[in-house]
There are 2 protein chains.
Amino acid sequence: MAVITAVETVDIRFPTSLSLDGSDAMNTDPDYSAAYVIVRTDALDGEEGHAFVFTIGRGNDVEVAAIQALARHVVGRDADELLADMGETARLLTHDSQLRWLGPEKGVMHMAIGAVLNALWDLRAKRAGKPLWLHLASMSPDEIVALLDFRYLTDVLTPADALAILRQAEWGKAERIAALLADGYPAYTTTPGWLGYSDEKLARLCREAVDEGFAQIKLKVGADLDDDLRRLAVARSNVPPGFPIAIDANQRWGVSEAISWVSALARFEPAWIEEPTSPDDILGHSAIARGISPIPVATGEHVQNRIVFKQLLQSGGMQIMQIDATRVGGVAENIMNLLLAAKFGIRVCPHAGGVGLCEAVQHLSMFDYVAVSGTLDGRMIEYVDHLHEHFVTPAVIRDGRYVAPTAPGAGTQMRAESVDMYTWQGEALAATS
Amino acid sequence: MAVITAVETVDIRFPTSLSLDGSDAMNTDPDYSAAYVIVRTDALDGEEGHAFVFTIGRGNDVEVAAIQALARHVVGRDADELLADMGETARLLTHDSQLRWLGPEKGVMHMAIGAVLNALWDLRAKRAGKPLWLHLASMSPDEIVALLDFRYLTDVLTPADALAILRQAEWGKAERIAALLADGYPAYTTTPGWLGYSDEKLARLCREAVDEGFAQIKLKVGADLDDDLRRLAVARSNVPPGFPIAIDANQRWGVSEAISWVSALARFEPAWIEEPTSPDDILGHSAIARGISPIPVATGEHVQNRIVFKQLLQSGGMQIMQIDATRVGGVAENIMNLLLAAKFGIRVCPHAGGVGLCEAVQHLSMFDYVAVSGTLDGRMIEYVDHLHEHFVTPAVIRDGRYVAPTAPGAGTQMRAESVDMYTWQGEALAATS
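Residues numbered from 1 in each chain as written. Chains lettered and ligands numbered in written order. Predicted model: local features only at pLDDT ≥ 70, side-chain atom pairs only at ≥ 80, totals over all residues.

Novice: So what exactly am I meant to see when it comes to the overall build of chain A here?
Specialist: Looking only at helices and strands, chain A has 18 helices and 13 strands in total. Its C-alpha radius of gyration of 21 Å places chain A within 12% of the 22 Å reference for a compact globule of 433 residues. Dimensions of chain A along its principal axes, counting C-alpha atoms only, are 65 × 60 × 45 Å. The buried share of chain A, taken over its 433 residues, is 60%. Look at the contacts in chain A between residues 6 or more apart in sequence, and 77% of them connect residues 24 or more apart. (Helix = DSSP H or I, 4+ residues; strand = E, 2+ residues; numbered from the N terminus. Rg over C-alpha atoms; globule rule 2.2 N^0.38 Å. Buried ≥ 20, exposed ≤ 12 C-beta atoms within 10 Å, placed from the backbone. Contact = placed C-beta atoms within 7 Å.)

And the structure:
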């Protein structure tokens, strides 16, 4: 028996606001940060589980406090038992009735639950000696379904539906694993599109993205319509005809403003409009999708849980699902999101970037390809070339595609030197350093 | 000029789980708690603003950390300036782009914003020498509209709509203020209905509630159907024919289970079914409301913000709005919720109980009667007879109605002795005490 001896947390912040990388219409000065968690056991293998919640600076301490509030459920428990039944372990954390009051299943507390569960998944995959995507893909459909919480979902997805989707994907699994290991998974890049960049820099980065083999670029929009028109014209003239350019408003608009603004940009043929309005406004997304058809609506990086994803699908408000590795309640809730997308025949193109999101979410998309949707058609993972050097097994891009990770674990472990160097010392110290 | 010198926080917890008061199908052992905040200034009047987020125990420390993260926006600022433009002050806290990432506008961080704003409202009302409800009712329609954030709402409620509602309610204001001061505001009681009580206790408390003049009682349901049938029969036989009995499932069900369970209870003619499913499931509420019509659906104590309330109204999923004083972003967001209800012609029957929720929310309902809806028709505020003794100006019930408060402030200040006695000392100390 191995006992969980510690749930250690670290407040890690990178001073990214000093450049304008990562600036958009709503997030003008992010300091990419991680509320970082390490789960330790007394097992002789010395393996640890590492994971984090991505935040953009202030409030990272609040997220750390939320993760600490969960330690009581895990420390002192039998690691083998918790890891063997991750469905039950998820319920243990999600259904603490006192902590549930702080959500339920949303925001600070829900992301903290996701981080603890993801750290346990990292540990489990390391013990299995496999990268997380392959470890998940090695599980049977029944084992996968046992991970999932169907509460509030059975009006659209039952355990039987999930089993049917997973069983169908059993066919050709080995071939898809081989294809992933040979060719990787498609990626697109947001690197050219931040609001803070000059037109010259935008043009150069567009050309580079095409040369590097990315499947799509994405531009931030929504701060100023004239700027958006000019920047989209610059982008269009620096990529080949028909090359996909997505646009991203980061929740800037109300319903009618979204429809009129996107319509004004329609002649640049955006591949999708991302986060046109509040992530909470399901009916708003639906109205926008109808108003700007055939331009598809993409959203998800701020979608709080599977229940909101369910409704975005039911209402026709979302044509592309953008799961995020650290927004919801961990790996299993994201598997549920993948199954919901499969049920509705919707593409999943994950949100990534920030710090560590590329490293984490690639496992989920690769699992989706192998064991859920069975297809790469129209699928791609966001990529931003930031902060990968801080990870033990950084995401690797080759010819515009994510190389399938082969190292055991979930990819979410930072280098010890980086953890030490970027541990937050408080505002006073930061100001003098 | 008065400068804000401190935002002090206290983690206050009452050991209510030692009795079974407050037990329901989802919350089996609540320790009613307050993440408490005191705003101090250097003004000679010595007035302070007091407010809190209500929680049910564990995680109250996380909520306290979230309030502390907001102090930087307030401490050192000119109190007169912040209090004079509470609309701008709300935007200052809500639109901190880094903290916004942790929501946006939901859960731990959003409730913390609400607490800081509510403390400022308490201070403002004290300075004005009026109870909050009357202070708000003294503002002009234009001043009220200037408090409000219409982002994501203008598809159903514009500033012009809000002005029209408020201007209409200018007629008869003085008479309604006089009526409130004379007769108070209707109340209903949940005291009989907790799951942990025996049938004998339930019967006795039902008879007492009727004798005391309450307008309605409410029973918790959803743990066991046979128990619910038995308990509803006991309740029905201990109140006069036609007396309103509401039922409350505390989010226990999925859509189809809610419809079948409520249908099985329909012969007891429930006045409403409260929280039949996840507060996030707008389309689910809509399906349930259609499936159990004419029994109305009530919800709101866990509705995270005005954007979700908007959709519950748009979709027909909610026939009674149950605002909560500490769930959303403070007084002004709740005024927006009242205006949304008025726009749709929906009754508002606030959630209360816990600790301090009665004290706080009565001001919002009384403001609604005087200055928004202009009616008491079908309106009542929940009342539970718990923990009122800890407040400087406790809520007072007379003949089953809330007596209109006349003391200056928002009613949210606890007695100093109670704050001292129930300041949380950590789990280790609690276990030994």
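Novice: Help me out: how do you make sense of the interface of chain A and chain B in this one?
Specialist: When the parts come together, some accessible area is lost, and that loss is often what is quoted as the size of the interface. The interface is formed by 50 residues belonging to chain A together with 50 residues belonging to chain B. Among the secondary structure elements, those contributing two or more residues to the side of chain A that touches chain B are α1 (60–70), α4 (97–100), α5 (107–128), α12 (255–265), α13 (282–292) and α14 (306–314) of chain A. Here the side of chain A that touches chain B takes six residues from α1 of chain A, the largest share from any one element. Here the side of chain A that touches chain B is built from residues that sort into 20 nonpolar, 21 polar and nine charged. (Nonpolar A, V, L, I, M, F, W, Y, C, P; charged D, E, K, R; others polar.)

Novice: Any chance you could explain the relation of the copies chain A and chain B here in plain terms?
Specialist: One copy of the chain maps onto the other through a rotation about an axis followed by a shift along the same axis. Of the transformation placing chain A onto chain B, the axial shift is 0.0 Å and the rotation is 180 degrees, giving an RMSD of 0.0 Å. Here the two chains are linked by the operation of a two-fold rotation axis. In terms of proximity to the rotation axis, the leading residue of chain A is G107 of chain A, whose C-alpha is 2.6 Å off the axis. Of the residues that chain A buries at the interface, 100% are likewise interface residues in chain B, meaning the two copies contact each other through the same surface. (Least-squares fit on C-alpha atoms with pLDDT ≥ 70 in both.)

Novice: Quick question: what am I supposed to make of the pairing of strand β5 (residues 217–220) of chain A here?
Specialist: Two faces make up the sheet, and in a regular strand the side chains alternate between them. All names here are of chain A. In β5, alternate side chains face the same way, and those of I217 and L219 on one face and K218 and K220 on the other are all buried. Crossover handedness for the path strand β4 (residues 185–193) to helix α10 (residues 199–211) to β5: right-handed. Direction of pairing for β5 relative to strand β6 (residues 245–248): parallel, over a ladder of four bridges. When the sheet's bridge partners are listed, L219 is paired in β6 with I247. In this view, the connection linking β5 to its parallel neighbour β6 by way of helix α11 (residues 225–236) has right-handed handedness. (Right-handed = clockwise from strand over helix to strand, strands pointing away. Pairing = 2+ DSSP bridges.)

Novice: Which parts of the structure should I look at to understand the nonpolar core?
Specialist: Nonpolar side chains tend to gather and get buried jointly when the protein is soluble and globular. Formed by 296 residues in total, the largest nonpolar core has its most connected members in V116 of chain A together with V116 of chain B. The residues contacting V116 of chain A, other than those within four sequence positions of it, are V7, V37, I67, L70, V74 and L93 of chain A. (Core = buried A, V, L, I, M, F, W, Y, C linked by C-beta atoms within 7 Å.)

Novice: Explain helix α14 (residues 306–314) of chain B to me, please; I cannot follow it from the model alone.
Specialist: Because an α-helix packs 3.6 residues into every turn, residues spaced three or four apart end up facing the same way. Counted residue by residue, α14 of chain B has nine buried out of nine residues, so it is predominantly covered. Listed in full, the buried residues belonging to α14 of chain B are R306, I307, V308, F309, K310, Q311, L312, L313 and Q314 of chain B. The elements touched by buried residues of α14 of chain B are α13 of chain A together with α13 (282–292), β8 (297–299), β9 (320–321) and α15 (331–344) of chain B.

Novice: What is the right way to read the sheet that holds strand β2 (residues 33–41) of chain B from this model?
Specialist: As a general point, the strands of a sheet are linked pairwise by backbone hydrogen bonds and lie either parallel or antiparallel. Residue and element names in this part refer to chain B. Spatially, β1-β2-β3 is the arrangement adopted by the three strands of the open sheet, whose pairing is antiparallel. Each edge of the open sheet is held by one strand with a lone partner, namely β1 (4–13) and β3 (48–55). Mean inter-strand twist for the sheet, computed between neighbouring axes without regard to direction, equals 15 degrees. The pairing of β2 with β3 spans eight bridges and is antiparallel. Bridging from a neighbouring strand, Y36 pairs with F52 of β3. (Axes fitted to C-alpha atoms, helices over the stretch in contact; angles between N-to-C directions.)

Novice: What exactly am I supposed to notice about the sheet that holds strand β2 (residues 33–41) of chain A here?
Specialist: Residues and elements named next belong to chain A. The three strands lie next to each other as β1-β2-β3, forming an open sheet whose pairing is antiparallel. Across the chains shown, the open sheet's two edge strands, defined by having one partner strand only, are β1 (4–13) and β3 (48–55). Strand-to-strand twist across the sheet, computed as the mean angle between neighbouring axes with direction ignored, equals 15 degrees. Packed onto the sheet, α5 meets β1, β2 and β3 and runs at close to 150 degrees relative to β3.

Novice: Honestly, the packing of helix α3 (residues 86–94) of chain A against α5 of chain A in this entry has me stumped. Any pointers?
Specialist: Relative placement of two packed helices is described by the angle separating their axes and the distance separating the axes. Residues and elements named next belong to chain A. Packing of α3 against α5 leaves a shortest axis separation of 10 Å and a crossing angle of 155 degrees. One element, α3, and the other, α5, form an angle in the roughly antiparallel class. For the pair α3 and α5, the crossing hand works out as right-handed. Here α3 contributes M86, T89, A90, L93 and T94 to the contact with α5, which in turn contributes I113, V116, L117 and L120. Of the residues contributing to the contact of α3 with α5, the split by class is seven nonpolar, two polar and no charged. (Parallel < 35°, antiparallel > 145°, perpendicular 65-115°, else oblique. Left-handed = near helix turned anticlockwise from the far one by under 90°.)

Novice: Is there a simple way to think about the pairing of β3 of chain A in this case?
Specialist: Burial runs high along β3 of chain A: seven of the eight residues are buried. Hairpin connection, β2 of chain A to β3 of chain A: the antiparallel pair is bridged by six residues, and G46 of chain A has positive phi, about 70 degrees.

Novice: Even after reading the chapter, I still don't get α5 of chain A, so can you show me in this structure?
Specialist: Residues and elements named next belong to chain A. In a regular helix each residue adds 1.5 Å, so 22 residues correspond to 32 Å; α5 covers 31 Å between its end C-alpha atoms and thus fits that length. In terms of burial, α5 is a largely internal element, 21 of the 22 residues being buried. Looking one or two places after α5, you find G129, whose phi comes out positive at around 70 degrees. (Expected span 1.5 Å × (residues − 1).)

Novice: Got a minute to help me understand unusual backbone geometry in this structure?
Specialist: Generally, phi is negative for residues other than glycine and the peptide bonds are trans, each holding for most cases. With an omega of -10 degrees, the peptide bond between G103 of chain A and P104 of chain A qualifies as cis. Here P104 of chain A shows up in the loop between α4 and α5. For the peptide bond that leads from S293 of chain B to P294 of chain B, omega is 15 degrees, which places it in the cis range. Counting through the fold element by element, P294 of chain B comes out in the loop between α13 and β8. Even without being a glycine, Y152 of chain B presents a positive backbone phi close to 75 degrees. Position of Y152 of chain B among the secondary structure elements: in the loop between α7 (141–146) and α8 (159–168). Residue D399 of chain B is not a glycine yet carries a positive backbone phi of 50 degrees. Along the polypeptide, D399 of chain B turns up in the loop between β12 (397–398) and β13 (401–402).

Novice: Can you help me understand the environment of V255 of chain B in this one?
Specialist: Here V255 of chain B shows up in helix α12 (residues 255–265). It is 9.4 Å that separates the C-alpha atoms of V255 of chain B and L283 of chain B, two residues lying 28 residues apart in sequence.

Novice: Just to check I follow, could you spell out the environment of G87 of chain B for this structure?
Specialist: All names here are of chain B. Tracing the chain through its elements places G87 in helix α3 (residues 86–94). Between the C-alpha atom of G87 and that of Y402, which follows or precedes it by 315 residues, the distance is 29 Å. Apart from the residues lying within four places of it in its own chain, the contact partners of G87 are A146, L147, L148 and A332.

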